[in-house]
2 protein chains.
Amino acid sequence: MDFLKKRIAECAEVISPDIVKADMFLNHMLDLKLLDAIGEEFCRRFASSGVNKILTIEASGIAVACMTARHFQVDVVFAKKGVRKNSSADVFSSRVFSFTHGEEYNVFVSKKFLQKEDKVLIIDDFLANGEALNGLIDIVRQSGAALAGAGIVIEKGFQPGGRLIREKGVRVESLAIIKSMDGGKIVFD
Amino acid sequence: MDFLKKRIAECAEVISPDIVKADMFLNHMLDLKLLDAIGEEFCRRFASSGVNKILTIEASGIAVACMTARHFQVDVVFAKKGVRKNSSADVFSSRVFSFTHGEEYNVFVSKKFLQKEDKVLIIDDFLANGEALNGLIDIVRQSGAALAGAGIVIEKGFQPGGRLIREKGVRVESLAIIKSMDGGKIVFD
């Protein structure tokens, strides 16, 4: 994934000690060729996992999830964010705290789109504190489906999400792990 | 696009006289094979338009846009929804009224992602009253880029958006146009 790290180093903007923007290729403009290579790599890493469904979360996970699903030849389900209540009978839902926006929101998936026979790979663009990923893992658990793991494009390794989720026994494959961004300089693990 | 109409007839849910849900394949679960065929068809229809960029709007436009961009071998820009003010210097933005949610929101694109040399194809999943599409067209106009047209997966032909936008001289290609949904029965144009 050297080309991904190269692109991050060239194009990503460090806008605060813990926030990096990848607007140029990952979550506002989408570099399809790069996303396709990313999808191919996730497919290689989880090739023997029997994945039959990819789960992501709106909005910026959708592009990576689609370009990954294409290589697996499976379908995508994207979790929605919103105000639906936890107790709704037809959805699996989980509460997620967004550090970026300083507020809690619900993330939910219609029950009809996750079955206990499924083997799910979670895909997302960023992993920092792990809140969104924990919400998606919770939803997979509720559905009774098996979890193959999580494929992340950029992990901020200096924030605790990745470590905490791996400690729970979830396989997390991050294509680029940022060790530090001190003084605006991105250093990879 | 008979296979799309077939899928709509089989899977889409008419939940009120003017709302149809395509959750099963278009905007919650994503049928990648179907989306890929849709993208191929948009590419065929706009093949001679010199498209070099695809513009869509989060969240449910992203998947179709990506699977279309793949065939054009171009990149995608997705407009974001939010509370950013119209006057921000670094974004093109437009106000959009959502009939679904009964509220207005801003839609915006960073200026750096649309240039006047661009030839833009707008892609979206649904066209009804045309509010979102008008917002995207407005953004393209602001940028000075050329507009190749709009590719829509499902147009609700009994709502005025498509007619009004075509009357402005914009080329709108809708793969499935629903003429009526009276009594929950979907009839295509």
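This text follows the structure it describes.
These numbers were taken from a predicted model, which means no experiment stands behind them.

Quick notes on the rules
Residues numbered from 1 in each chain as written. Chains lettered and ligands numbered in written order. Predicted model: local features only at pLDDT ≥ 70, side-chain atom pairs only at ≥ 80, totals over all residues. Heavy atoms only, no water. Least-squares fit on C-alpha atoms with pLDDT ≥ 70 in both. Contact = heavy atoms within 4.5 Å. Buried < 20%, exposed > 50% of the residue type's maximum accessible area, 1.4 Å probe, protein only. Helix = DSSP H or I, 4+ residues; strand = E, 2+ residues; numbered from the N terminus. Pairing = 2+ DSSP bridges. Lys, Arg positive; Asp, Glu negative; His and termini not counted. Salt bridge = Lys/Arg side-chain N within 4 Å of Asp/Glu carboxyl O. Buried area = accessible area lost by both parts, 1.4 Å probe. Axes fitted to C-alpha atoms, helices over the stretch in contact; angles between N-to-C directions. Parallel < 35°, antiparallel > 145°, perpendicular 65-115°, else oblique. Left-handed = near helix turned anticlockwise from the far one by under 90°. Nonpolar A, V, L, I, M, F, W, Y, C, P; charged D, E, K, R; others polar. Disulfide = S-S within 2.5 Å. Expected span 1.5 Å × (residues − 1). Polar contact = N/O pair within 3.5 Å; in protein donor to acceptor, adjacent residues only side chain to side chain. Phe/Tyr/Trp six-rings, centres within 6.5 Å; stacked < 30°, edge-to-face > 60°. Lys NZ or Arg CZ within 6 Å of the ring centre and 35° of its normal.

1. Focus on the relation of the copies chain B and chain A
Note: a rotation about an axis with an accompanying shift along it relates these two copies of the chain.
For step 1, the next point in the chain: Laying chain B over chain A is done by rotating through 180° and shifting 0.0 Å along the axis; what remains is an RMSD of 0.0 Å. One copy is carried onto the other by what is essentially a two-fold rotation axis. Of the C-alpha atoms belonging to chain B, the one lying closest to the rotation axis is found on A59(B), 2.5 Å away.
For step 2, the next point in the chain: Interface overlap between copies is the fraction of interface residues in one copy that are interface residues in the other; for chain B against chain A it reaches 100%, indicating a shared surface.

2. Observations concerning the pairing of strand β6 (residues 91-98) of chain B
For step 1, the next point in the chain: Buried residues dominate β6(B), accounting for six of its eight residues.
For step 2, the next point in the chain: Where β6(B) folds back onto strand β7 (residues 103-110) of chain B in an antiparallel hairpin, the turn is made up of four residues, including G102(B), whose phi is positive at roughly 65°.

3. Description of the side chain of E58(B)
For step 1, the next point in the chain: Within the element layout of this structure, E58(B) appears in the loop between β4 (53-57) and α4 (61-72).
For step 2, the next point in the chain: Buried charge without a partner: E58(B) forms no salt bridge, and the closest opposite charge is K80(B), 6.0 Å away.
For step 3, the next point in the chain: Beyond its immediate stretch of four places on either side in the chain, E58(B) contacts A59(A), F78(B), A79(B), K80(B) and K81(B).

4. With respect to the interface of chain B and chain A
For step 1, the next point in the chain: Contacts between the two partners involve 30 residues from chain B, matched on the other side by 30 residues from chain A.
For step 2, the next point in the chain: Counting the surface lost from both chain B and chain A, the interface buries some 2600 Å², and carbon and sulfur atoms represent 67% of this.
For step 3, the next point in the chain: The largest contributions to the chain B side of the interface with chain A come from H28(B), M29(B) and F113(B), which together make up 25% of the buried area.
For step 4, the next point in the chain: If you look at where chain B meets chain A, you find two salt bridges.
For step 5, the next point in the chain: The shortest N-O distance in the salt bridge between K112(B) and E13(A) comes to 3.2 Å.

5. Some points on the packing of helix α1 (residues 2-11) of chain A against helix α2 (residues 32-45) of chain A
Residues and elements named next belong to chain A.
For step 1, the next point in the chain: Following both chains from N to C, one finds α1 and α2 inclined at 140°, their axes separated by 10 Å at the closest point. Taken together, α1 and α2 sit at an angle that is classed as oblique. Where α1 crosses over α2, the handedness of that crossing is left-handed. When α1 is examined against α2, the residues F3, L4 and R7 are found in contact with a partner set consisting of L34, A37 and I38.
For step 2, the next point in the chain: Residues that form the contact of α1 with α2 fall into these classes: five nonpolar, no polar and one charged.

6. Re the pairing of strand β1 (residues 13-16) of chain B
For step 1, the next point in the chain: Direction of pairing for β1(B) relative to strand β2 (residues 19-21) of chain B: antiparallel, over a ladder of three bridges. In the strand pairing of β2(B), S16(B) is matched with I19(B).

7. A short note on the environment of A9(B)
For step 1, the next point in the chain: Looking at the secondary structure, you find A9(B) in helix α1 (residues 2-11).
For step 2, the next point in the chain: Residues A9(B) and K185(B), spaced 176 residues apart in sequence, show a C-alpha to C-alpha distance of 8.4 Å.

8. Here we look at the environment of T100(B)
For step 1, the next point in the chain: Mapped onto the elements of the fold, T100(B) is located in the loop between β6 and β7.
For step 2, the next point in the chain: Residues T100(B) and I19(B) lie 81 residues apart in sequence; the distance between their C-alpha atoms is 8.6 Å.

9. Points about the pattern of salt bridges
For step 1, the next point in the chain: This structure, assessed with the given rule, holds 28 salt bridges over all chains.
For step 2, the next point in the chain: The residue K6(A) makes a salt bridge to E10(A) at a minimum N-O spacing of 3.2 Å. Of this pair, K6(A) and E10(A) both sit in helix α1, four residues apart, roughly one helical turn. As far as the burial class goes, K6(A) and E10(A) line up, both exposed.
For step 3, the next point in the chain: Put simply, E167(B) and R163(B) hold a salt bridge, and the shortest N to O gap is 3.3 Å.

10. As for the state of the cysteines
For step 1, the next point in the chain: Under the defined criterion, the tally for this structure stands at zero disulfides over all chains.
For step 2, the next point in the chain: Here C66(A) stays unpaired: no disulfide links it, and the sulfur of C66(B), its closest cysteine neighbor, is 6.0 Å away.

11. Some details on α2(A)
Structurally, the α-helix is built with 3.6 residues per turn, so residues lying three or four positions apart point the same way.
Residues and elements named next belong to chain A.
For step 1, the next point in the chain: Look at α2: 20 Å from first C-alpha to last across 14 residues, which is about the 20 Å you get at 1.5 Å a residue.
For step 2, the next point in the chain: Every buried residue of α2 is listed here: L32, L34, L35, D36, I38, G39, E41, F42 and C43.
For step 3, the next point in the chain: With a side-chain oxygen positioned 3.1 Å from the backbone nitrogen of K33, the residue opening α2 is D31.

12. A word on the packing of aromatic side chains
All names here are of chain A.
For step 1, the next point in the chain: Taken as a whole and judged by the stated rule, the model has two aromatic pairs over all chains.
For step 2, the next point in the chain: Considering the side-chain rings of F97 and F99, the 5.1 Å spacing of their centres and the 90° angle between planes classify their relative orientation as edge-to-face.
For step 3, the next point in the chain: The aromatic ring of F46 is capped on one face by R171, whose charged end is 4.2 Å from the ring centroid.

13. A word on unusual backbone geometry
All names here are of chain A.
For step 1, the next point in the chain: Going from E58 to A59, the amide bond is cis rather than trans, its omega being -5°.
For step 2, the next point in the chain: Even without a glycine there, the phi angle at Q73 is positive, about 55°.
For step 3, the next point in the chain: Checked against the element boundaries, Q73 lands in the loop between α3 (61-72) and β5 (75-82).

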